[in-house]
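# Architecture and fold: a report
Listed here are the chains, written in short residue letters.
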Amino acid sequence: MNIFDPMQIELMRTALTQVARHVRADSPTQALMAERILQSAAKGARSKEEFEAVAIEAARSKVA
């Protein structure tokens, strides 16, 4: 079980919010983006840029 510190949670939340707003993601896409962000954090991602890249990729995969 992974436990994330408050600063990391805020980075993940900010990345999700910014990307969701940018791509105008619907709720299912936002859920997928959040899931992928959490998975990347569990694998060691730590930066907002990494989380944004994962979220963008998730949104693109949903459209394709």
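The following paragraphs examine the structure supplied in this document.

## As for the environment of L38
Tracing the backbone shows L38 in helix α2 (residues 27-42). In this structure L38 comes out as partly exposed when scored by relative accessible area, which is 43%. Spatially, the C-alpha atom of L38 lies 17 Å from that of A25, the residues being 13 residues apart in sequence. Not counting chain neighbours up to four residues away, the residues in contact with L38 comprise F4 and M12.

## So, the pattern of salt bridges
Per the stated rule, a full pass over the model turns up 2 salt bridges. Residue R13 pairs with E10 through a salt bridge whose shortest N-O separation is 3.3 Å. Placement of both R13 and E10 in helix α1 (residues 6-23) is noted, with a separation of 3 residues, approximately one turn of the helix. Accessibility expressed as a relative area gives 41% for E10, which makes it partly exposed. A salt bridge links K48 to E52, with the nearest nitrogen and oxygen atoms 3.0 Å apart. In this pair, K48 and E52 are both assigned in helix α3 (residues 48-63), 4 residues apart and thus about one turn of the helix distant. Classification of K48 as partly exposed rests on a relative accessible area of 23%.

## Concerning the nonpolar core
Core analysis: the biggest nonpolar cluster contains 16 residues, and M12, M33, I37, A41, F51 and A55 have the highest contact counts within it. Going through the elements one at a time, α1, α2 and α3 are the ones with two or more residues in this core. Residue contributions to this core peak at 5 residues, all from α1. If we ignore the near neighbours within four places in the chain, the residues touching F51 are Q8, L11, M12, A15, I37, S40, A41, A45 and R46.

The rules we used
- The numbers attached to residues start from 1 for each chain and follow its sequence in the written order.
- Owing to the predicted nature of the model, reporting of local features is limited to residues with pLDDT of at least 70; listing and counting of side-chain atom pairs is limited to 80 or more, with chain, interface and lining totals taken over all residues.
- Excluded from the side-chain calculations are hydrogens and water; all other atoms, namely the structure's heavy atoms, are used.
- Where helices and strands are cited, they refer to DSSP runs of H or I of at least four residues and of E of at least two residues respectively, numbered from the N terminus.
- Buried, partly exposed and exposed residues are distinguished by accessible area as a fraction of the type maximum, computed with a 1.4 Å probe on protein chains only: under 20%, between the cut-offs, and over 50%, respectively.
- Any two residues having at least one pair of non-hydrogen atoms within 4.5 Å are treated as being in contact.
- Every case where a carboxyl oxygen of Asp or Glu lies within 4 Å of a side-chain nitrogen of Lys or Arg is listed as a salt bridge.
- To define a nonpolar core, start from buried Ala, Val, Leu, Ile, Met, Phe, Trp, Tyr and Cys residues and group those joined through side-chain atoms within 4.5 Å.

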